[in-house]
Amino acid sequence: MDRLTLPLVRRRNRDITGLAVVAVFVFALPFAVADDGTLRLFILAGTYVVIATGLQMCFGYAGLLNLGIPAFAAVGAYTYAILGRDGTNPWVAVLCAVLAAALVAAVLGVLVLRLRALYFAIAAFGLVLIADNIISAWTDVTDGAEGMIGVPQLSLGDLLLGSTEGTYYLMWAFAIAVLLLSLLVRHSAYGRSVLAVRDSEVASAAFGVPVRRRLLEMFVLSGAVAGLGGALYAHDITVISPKAFGVELLLLVTVVVVVGGKDTIWGVLVGAAAVVLLQNEILPAVFASGNIELVVFGGILVVAMILAPTGVVGLIREAVQLASSRVGRGRRAEPAGEPSRETEESHA
Amino acid sequence: MDKYLQFLISGIALGSVYSLVSLGITLAFRTTGVLNFAQGSFVMVSGLTFITLRDDMPLIPLLLLVIALGVLLGAVVERIAIAPARHLTHESLVIITIGLAEVLRGLALLTFGDRTKYTDSFVAWRPLHVAGATVSMQTLFVVLGAVVAVVVTLLALERTRLGRALRASAMDSDMSILCGVSPKMVTFVTLGVAGGLAAIAGSLLAPVTGMGFESGLDLAIKGLFAAVLGGLGSLKGALWGGMTFGLLEAFALFAVPTYSVSITLGLVVLLLVVRPQGLTSGTGARVGAL
């Protein structure tokens, strides 16, 4: 472990430690908080974390604006529900859900990733309409626009996971796993090649990074994670309809990623907490009508993008850097070397 | 045969509306780099305004009022949300316009309610019968209105000082700034024009399909696909893209009504795979031509 790679390893270990702390907190929470309502909010937050991590990896690391996230979640949810209802083992159904979403992403990715980046964003957005159309029209299989009821739930041996507590642990086990995946991608040589592609396709191609393949892989990964989120959502709610996977979901997930900060997993956690609190506690307390949600979340997206493009986590990081560089200057009376490396990281 | 003719006619009508939407999107994209996902919401808001005020005002003043409000909406949105974000990346701007689209959708829901609203045609004349197909008067108005709007826009871009400034900015933003064109003014005017075009599209479309707070999303996606089909480059391409998309959709509606959305969007993606530069040859790749 030489001087060059040591900071990278240290940064990775710091993030993994942080995630472990989150995991311990999540595991311990039901022992401290017994009431059903709070746990339900955490389940919702966990769902957002899983689905939003799909977007965060793709957009944050590869720079691909995957606006088709709700469509992938829909593919996952419906694959899980349809297979489960036909008697397939629910765990196998979850696996199939992930694979199906990944397959859809792979097909679309092969077709449109060759095009300009914005064409990709438009095509991915179109996928949301297509998914809604197919689910609503293919009534024999999906039960149409009315939605499917009686989606089977996962169990561990004889232990049913359908209870609030069971679903809570299930959801957060997967949420932590997905966050860990995102973190490991971020801190690997592979992930750095993805970041390189995001920052300059030409330069990374010149260094031998297979640009198209990296983009395709991240897109497929993003679709698969969103598909997993959809399947878990179906397990939790047991009633799914195309409405649940429309633009509202895209709006909420985008707010999670943008408000938190798209570059790190901490942004997803912060964003999911903010959205769940706002949606379920603050807005209902302030406004009588639930219809205000679109205006509020849309407005948040605009304001956040203008005022804090790096999200809350980015702002905190900048503040910390500012503080530490002041302290450093006071102590050593020279521009410190340490913070400048931190700056590079935040822009990486 | 007359059945096909009927669908051709409705395709042309749809295509006229999509052409207007994609013209607004392409114009804004070429001159300011903003890919406006809220263009469909502009159309929706204008359409709902038109329907709501229909009973209170005569047609011509109402049309002028809705267009003026549309220009105002575009300009206000530009001041509030686009101007402060000019330095951001394309993707960030897309996210901002998605946020705007949702804000407008939410405001429409709060203001106009969640029902789809309908209104009468511009005039109550009887439909024409051409070679066994029926052409309603509103269809004629849609096509005529779109043609007039497009011609006026193109002429203004071609002939007026302001239009030349917009075209110069689209060709070479830095150079146009050196020649005294204010980039702030360009963005402001462009979004205003886009809002006006959307208002025309909304007023023309409202009597045909009705309008609800959810309509903006469909229109945005279809307009964006049409714009992409035209290569997101030239205004001529935008018009061709809109018309092609309308015809594709009309025939998809004819052949497999329940899956028309999927089939139309899927076909466009396939077309793009075959011709990434868009339909009109070369314009998508050519830099600077508007």
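Residues numbered from 1 in each chain as written. Chains lettered and ligands numbered in written order. Predicted model: local features only at pLDDT ≥ 70, side-chain atom pairs only at ≥ 80, totals over all residues. Heavy atoms only, no water.

## Looking at the environment of threonine 88 of chain A
Residues and elements named next belong to chain A.
Piece 1. The topology assignment puts threonine 88 in the loop between α3 (69-85) and α4 (90-112).
Piece 2. Note on threonine 88: relative accessible area 26%, which makes it partly exposed.
Piece 3. In this structure, the C-alpha to C-alpha distance between threonine 88 and proline 152, residues 64 residues apart in sequence, is 9.8 Å.
Piece 4. Threonine 88 has contacts with Leu83 and Ala93, leaving out every residue within four places of it along the chain.
Piece 5. At 2.9 Å, the side chain of threonine 88 forms a polar contact with the backbone oxygen of leucine 83. (Helix = DSSP H or I, 4+ residues; strand = E, 2+ residues; numbered from the N terminus. Buried < 20%, exposed > 50% of the residue type's maximum accessible area, 1.4 Å probe, protein only. Contact = heavy atoms within 4.5 Å. Polar contact = N/O pair within 3.5 Å; in protein donor to acceptor, adjacent residues only side chain to side chain.)

## With respect to the packing of aromatic side chains
Residues and elements named next belong to chain A.
Piece 1. Applying the stated rule across the entire model yields 14 aromatic pairs over all chains.
Piece 2. Aromatic side chains phenylalanine 42 and tyrosine 168 sit 6.4 Å apart centroid to centroid with 70 degrees between the ring planes, which places their arrangement in the edge-to-face category. Highlighted residues: phenylalanine 42 in helix α2 (residues 36-62) and tyrosine 168 in helix α7 (residues 164-186), separated in sequence by 126 residues.
Piece 3. Geometrically, the ring pair formed by tyrosine 78 and phenylalanine 245 is edge-to-face, given 6.5 Å between the ring centres and 65 degrees between the ring planes. Taken together, the residues tyrosine 78 in helix α3 and phenylalanine 245 in the loop between α10 (211-237) and α11 (247-260) connect sequence positions 167 residues apart.
Piece 4. The buried category is assigned to tyrosine 78, whose relative accessible area is 4%.
Piece 5. Residue classification places phenylalanine 245 among the buried residues on the basis of a relative accessible area of 4%.
Piece 6. Of the aromatic side chains, those joined through ring pairs into one cluster are Phe27, Phe31, Phe42, Tyr168 and Tyr169.
Piece 7. The ring centre of phenylalanine 59 lies 5.4 Å from the NZ or CZ of lysine 262, which sits over that ring. (Phe/Tyr/Trp six-rings, centres within 6.5 Å; stacked < 30°, edge-to-face > 60°. Lys NZ or Arg CZ within 6 Å of the ring centre and 35° of its normal.)

## Details of α3 of chain A
All names here are of chain A.
Piece 1. The end-to-end C-alpha separation of α3 is 24 Å, in line with the 24 Å expected for 17 residues at 1.5 Å each.
Piece 2. With 14 of 17 residues buried, α3 is to be regarded as a mostly interior element.
Piece 3. Glycine 87 sits one or two residues past α3 and shows a positive phi near 100 degrees. (Expected span 1.5 Å × (residues − 1).)

These figures come from the coordinates and say nothing about function on their own.
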